Amino acid sequence: MKPMPGSVAQPIRIQLIDDQVIVREGLRLLLESQSGLHVVGDAASCKEAVALAQSEQPDVILLDLDLGDSHGLNCLSELLTVAPKAKVLILTGVYDLDVHHAAISSGAMGIVRKLEAGDVLVKAIRKVSAGEVWLDGVLMARVLSDLWNTRTPSADTPAAAPALSEKERQVAEMWRPKNQPQDDYEAVKIARLTEREREVVTLIGEGLRNQQIADRLCISVITVRHHLSSVFSKLEVGDRFELAIYSYRHGLAKPPM
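Computed from a predicted model, the values in this text were never measured in an experiment.

Asks: Mind showing me how you'd approach the overall build of the protein here?
Replies: A tally of helices and strands in the protein yields twelve helices and five strands. Considering only intrachain contacts with a sequence separation of at least 6, the fraction spanning at least 24 residues in the protein is 64%. Looking at the protein as shown, the accessible area adds up to about 13600 Å², and 54% of this sits on carbon and sulfur atoms.

Pasting the structure below:
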């Protein structure tokens with residue numbers, strides 16, 4: 001959203017965590033050369049990082065997983081405890097699905113590999129600062145697939161569900177996976193999605209980002225966000241990951257192979 005005339009947009013405040021001085025200095029030069037980005041400090045260890053995060057309350061924490069004497073995952077929860085509003089973006093030179101899964105499950109909003117160009121990192125920072133998840137297509141598919149295969153159904157699902165109308169039942173049957181039973185409560189939620197909302201859900205399941213969805217459906221990004229907000233409410237999911245998992249479970253999208 002553009003700032004109002006006469007107002008000044010607040011910069012995204014970034015904390016850097018990497019045990020290599022030259023990497024931290026390079027990242028600082030890169031990020032502070034970009035409009036709207038400001039590095040509030042850097043740290044080389046988990047202890048320094050937690051103290052800095054607590055004092056500065058950054059918007060985005062750029063965390064290297066290899067801190068020499070410790071692993072970045074070991075301080076991820078501490079960082080989010082002392083700076084609960086911060087978005088953590090993992091910076092790593094290693095492709096390790098188990099570690100990436102653990103990072104996302106522990107609260108990280110995205111992962112950027114060190115082999116990416118600088119402009120990819122800058123874009124990722126802006127996206128996670130705005131509350132979006134950042135994963136490349138292959139990694140998103142694999143992490144989502146892993147989460148989908150290991151996630152158990154919620155214990156909070158109500159035992160009794162509202163009755164389906166005939167029209168809702170017909171729509172529910174249309175979207176029900178073949179040979180897979182679906183309880184009335186989930187059928188009600190799915191049946192009440194609009195056609196456009198179902199299209200958005202399917203594209204989320206394919207790993208598309210908001211701009212890509214907007215381009216595919218010839219609508220604005222703002223409209224995509226409105227649809228997602230409605231979908232989250234109707235399906236009772238909290239974020240894009242939960243939505244993708246839900247879409248695979250209930251046949252709204254094909255799971256990644």
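Asks: What should I look at first to understand the packing of helix α1 (residues 21-32) against helix α5 (residues 118-129) in this one?
Replies: What describes two packed helices is the angle between their axes and the distance between those same axes. For the pair α1 and α5, interaxial distance at closest approach is 11 Å and the crossing angle is 70 degrees. For the element pair α1 / α5, the angle class is roughly perpendicular. In this structure, the crossing between α1 and α5 has a hand that is right-handed. Contacts between α1 and α5 involve L27, L30 and L31 from the first element and G118, L121, V122 and I125 from the second.

Asks: Would you explain the pattern of salt bridges in this entry?
Replies: When the charged atoms of two side chains with opposite charge come close together, those side chains can pair. For the coordinates displayed, the defined rule picks out nine salt bridges. D42 is the salt-bridge partner of R24, the closest N and O atoms lying 3.0 Å from each other. Placement of R24 in helix α1 and of D42 in strand β2 (residues 37-43) is noted, with a sequence separation of 18 residues between them. What makes R24 buried here is its relative accessible area of 11%. Of the charged contacts in the structure, one is a salt bridge between K234 and E197, with a shortest N-O distance of 2.9 Å. Residue K234 is located in helix α11 (residues 221-235), and its partner E197 is located in helix α9 (residues 195-205); the two are separated by 37 residues in the primary sequence. Among the residues examined, K234 registers a relative accessible area of 27% and is labelled partly exposed. For E197, a relative accessible area of 5% gives the class buried. Look at the salt bridges and you will find they share partners, linking D18, D64 and K114 into a network.

Asks: So what exactly am I meant to see when it comes to α1 here?
Replies: Every α-helix winds through 3.6 residues per turn, so residues three or four apart in the chain are directed the same way. Spanning twelve residues, α1 covers 16 Å between terminal C-alpha atoms, matching the ideal 16 Å at 1.5 Å per step. Of the residues making up α1, those classed as buried are R24, L27 and L31. Each buried residue of α1 lies within a common arc of 65 degrees when the element is viewed along its axis, so the set occupies one face. Of the exposed residues in α1, those oriented more than 90 degrees away from the buried face are I22 and L29.

Asks: What is the right way to look at the packing of helix α2 (residues 46-56) against helix α3 (residues 72-82) in this model?
Replies: Across the interface, α2 lies against α3 with an axial gap of 8 Å and an inter-helix angle of 15 degrees. As far as their axial angle goes, α3 and α2 are roughly parallel. Classified by chirality, the crossing of α3 by α2 is right-handed. On the side of α2, the interface is formed by C46, A49, V50, A53 and Q54, while α3 contributes C75, E78, L79 and V82.

Thresholds, definitions, all that
- Residues numbered from 1 in each chain as written.
- Predicted model: local features only at pLDDT ≥ 70, side-chain atom pairs only at ≥ 80, totals over all residues.
- Heavy atoms only, no water.
- Helix = DSSP H or I, 4+ residues; strand = E, 2+ residues; numbered from the N terminus.
- Contact = heavy atoms within 4.5 Å.
- Areas by Shrake-Rupley, 256 points an atom, 1.4 Å probe, with all protein chains shown as cover.
- Axes fitted to C-alpha atoms, helices over the stretch in contact; angles between N-to-C directions.
- Parallel < 35°, antiparallel > 145°, perpendicular 65-115°, else oblique.
- Left-handed = near helix turned anticlockwise from the far one by under 90°.
- Salt bridge = Lys/Arg side-chain N within 4 Å of Asp/Glu carboxyl O.
- Buried < 20%, exposed > 50% of the residue type's maximum accessible area, 1.4 Å probe, protein only.
- Expected span 1.5 Å × (residues − 1).
- Arc of directions from axis to C-beta.

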